[in-house]
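# Observations on the model geometry
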Amino acid sequence: MHKLNPEEIRKDFPIFKQRIQDNRLVYLDNGATTQKPMQVINAINNYNQNSHGNPHRGAHQLSIRATEEYDLAKEKVRKFINARYIEEIIFTRNTTESINLIAYSCGKKLINKGDEIVLAISEHHSNILPWQRLVKENGGILKYIYLNEEGRISPEEIKRKITDRTKIVSIAHMSNVLGTIHPIEEIIDHAHKMGSIVVIDGAQSTPHMKIDIQKLDADLFVFSGHKMLGPMGIGVLYGKKEILEDMPPFLMGGDMIEYVYEQEATFAPLPYKFEAGTQNVEGAVGLGAAIDYLEKIGLDRIENHEKMLTEYALDRMLSLPYVSIQGPKDLEMRGGLISFTIDDIHPHDIATILDSYGVAIRAGHHCAQPLMRYLDVPATSRISFYLYNTKEDVDLFVEGIKNVRKWLGYGS
Ligand SMILES: Cc1ncc(COP(=O)(O)O)c(C=O)c1O
């Protein structure tokens with residue numbers, strides 16, 4: 001496998017042509033959202049200029065073209081994650097909406113008083129709040145898998161928490177705070193033995209590694225387009241056909257029906273049952289173009305590139321005595337995202353000062369307050385890589401950290 005060339009890749013991304021406060025833009029906030037190549041921007045423009053219409057509704061040419069584009073994008077998603085059937089792919093707005101759909105529809109059906117839902121303590125709020133509402137309304141119990149000192153989930157903890165009382169396990173593939181890649185194969189296998197269904201939040205993993213949903217055997221799997229070079233406002237819910245067929249609709253309205261009478265209605269087959277109202281066709285087209293782009297480069301090369309950058313960044317950061325890293329140090333257990341703290345300096349100050357050097361990073365609780373409390377830190381700073389980041393980006397970031405210390409009077 002030959003290495004990818006990030007400098008060549010950057011040429012496809014117009015945003016990198018600009019300078020931020022007279023510095024090269026060092027974009028290290030890919031865990032929050034990613035930038036778009038011209039191929040994605042052009043695909044969206046092209047759709048708007050040539051094919052825009054309301055899909056699935058009209059007999060006219062533009063409606064037909066919009067329908068074709070929408071369905072083609074869905075087929076690209078199916079192939080991208082190796083789902084068996086196109087009916088198993090539902091477009092939503094984002095990961096958050098996908099999980100809300102599952103909790104509302106599947107959760108309301110499955111969870112009754114005393115039934116358990118198991119999450120990890122490291123979940124994003126999007127994978128906590130929908131379940132909190134469900135157990136309040138339906139009387140279930142939320143249980144948490146805790147992490148060990150390295151930020152990992154042990155096999156013992158999996159067996160302790162997922163039992164025959166568990167009805168749903170919902171867990172992130174990769175933590176957006178620690179970068180830990182959780183042992184989801186083990187979790188899925190054990191949960192299935194216990195009779196539970198498993199939801200995987202793939203928001204942080206899908207953009208960065210090859211997902212083979214049939215091999216994984218997750219029952220439901222969700223992710224967002226805007227974290228994988230696509231536009232905002234388009235997300236994916238994958239579900240095994242037999243599970244989706246059994247789930248009642250979430251949003252009610254146009255396009256998701258078969259027949260409507262004065263007092264009741266019957267619903268359209270999959271996937272339309274879950275796609276009420278006019279859909280985000282340009283978002284779907286953009287996501288399809290993003291998938292084409294990622295597949296052309298190759299997910300395995302992207303993953304390798306990010307591993308190289310993560311190893312390099314960890315080495316450089318750990319050589320600074322005032323920097324502490326959260327999460328596993330072992331590269332096999334983590335993705336290209338590093339949370340850190342600097343002695344005596346608040347993460348928000350770090351992010352704000354780095355911004356003046358053109359270095360964009362994240363600071364705060366990362367929508368994971370239960371994890372912050374568990375780790376006993378108020379906030380962390382976070383860098384996260386993608387295919388267009390370079391070693392030079394890491395060097396500029398590390399120089400930036402040294403400058404933050406100097407700015408605040410701590411010496412070098
Ligand atoms: C692990 C994880 N889950 C869910 C989300 C929510 O994604 P979105 O805001 O696209 O719905 C994020 C976003 O950062 C995330 O990192």
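Along each chain, residue indices are assigned from 1 in the same order as the chain's sequence is written. Local features in this predicted model are restricted to residues whose pLDDT is 70 or higher, and side-chain atom pairs enter the listing and the counts only when it is 80 or higher, whereas totals over whole chains, interfaces and linings include all residues.

The next subject is the overall build of the protein. For the purposes of this entry, the term helix denotes a DSSP run of H or I that reaches at least four residues, the term strand denotes a run of E that reaches at least two, and both are numbered from the N terminus. Each helix and strand in the protein was counted, giving 14 helices and 17 strands. Radius of gyration here uses only the C-alpha atoms, and the compact-globule reference equals 2.2 Å multiplied by the residue count raised to the power 0.38. Relative to the 2.2 N^0.38 estimate, which gives 22 Å for 412 residues, the radius of gyration of the protein is 22 Å and therefore close to what a compact globule would have. When the backbone C-alpha atoms are referred to their principal axes, the protein occupies close to 75 × 55 × 40 Å. Partly exposed residues are those whose C-beta has more than 12 but fewer than 20 other C-beta atoms within 10 Å; 20 or more makes a residue buried and 12 or fewer makes it exposed, with C-beta atoms placed from the backbone. When the 412 residues of the protein are sorted by exposure, 46% land in the buried category. Whether two residues are in contact depends on their C-beta atoms, placed from the backbone: they are in contact if these lie within 7 Å. Excluding contacts between residues fewer than 6 apart, the proportion of contacts in the protein whose partners are at least 24 apart in sequence is 70%.

This paragraph deals with the nonpolar core. Generally speaking, nonpolar side chains in soluble globular proteins are found buried as a group. In this structure, Val198, Tyr238 and Ala290 are the most contacted members of the largest nonpolar core, which totals 99 residues. It is helix H10 (residues 281-297) that contributes the most residues to this core, nine residues altogether. The contact partners of alanine 290, leaving out residues within four places of it in the chain, are Val40, Gly225, Met228, Leu229 and Gly230. In this description, a nonpolar core means buried residues of the types Ala, Val, Leu, Ile, Met, Phe, Trp, Tyr and Cys, linked to one another by C-beta atoms lying within 7 Å. Of all hydrophobic cores here, the second largest spans five residues; its members include Val177, Leu178, Ala368 and Leu371.

Here the domain parsing of the protein yields domain 1 (6-30 + 298-407) and domain 2 (41-295). Domain boundaries shown here were taken from an automatic or database domain assignment. Using C-alpha coordinates to define each centre, domain 1 is positioned 28 Å away from domain 2. Listed per partner, the contact involves 22 residues of domain 1 and 23 residues of domain 2. In terms of residue count, the dominant contributor to the side of domain 1 that touches domain 2 is helix H11 (residues 299-318) (five residues). Of the residues in the side of domain 1 that touches domain 2, the class split is 11 nonpolar, seven polar and four charged. Only Asp, Glu, Lys and Arg are considered charged in this grouping, and only Ala, Val, Leu, Ile, Met, Phe, Trp, Tyr, Cys and Pro are considered nonpolar; every other residue, Gly among them, is considered polar.

This brings us to the site of the ligand. A molecule or strand has a residue near it when that residue's C-beta atom, placed from backbone coordinates, lies within 6 Å of it. The environment of the ligand is made up of Asn94, Thr95, Thr96, His124, Ser126, Asn127, Ala172, Asn176, Asp201, Ala203, Gln204 and Ser224. Tallied by class, residues from the shell around the ligand come to two nonpolar, nine polar and one charged.

Strand pairing is assigned whenever DSSP detects at least two bridges linking the two strands. The sheet built from seven strands is open, its strands ordered S4-S10-S9-S8-S7-S5-S6 with mixed pairing. The sheet is open, and its two borders are formed by strand S4 (89-92) and strand S6 (141-145), each paired with just one other strand. Mean inter-strand twist for the sheet, computed between neighbouring axes without regard to direction, equals 20°. Two strands pair when backbone bridges link them, and strand S9 (residues 220-224) and strand S10 (residues 235-239) are joined in this way by five bridges, in the antiparallel orientation. Counterpart to valine 222 in the pairing with S10 is leucine 237. A fitted line through C-alpha atoms represents every axis, and for helices the fit uses only the stretch in contact; the resulting angles, taken between N-to-C directions, go from 0 to 180 degrees.

Right, let's talk about helix H2 (residues 38-50) for a bit. Given a helix with a known number of residues, its expected span is that number minus one, times 1.5 Å. For H2, with 13 residues, the first-to-last C-alpha span of 17 Å sits near the 18 Å given by 1.5 Å per residue. For H2, the secondary structure elements touched by its buried residues are helix H3 (61-81) and H10.

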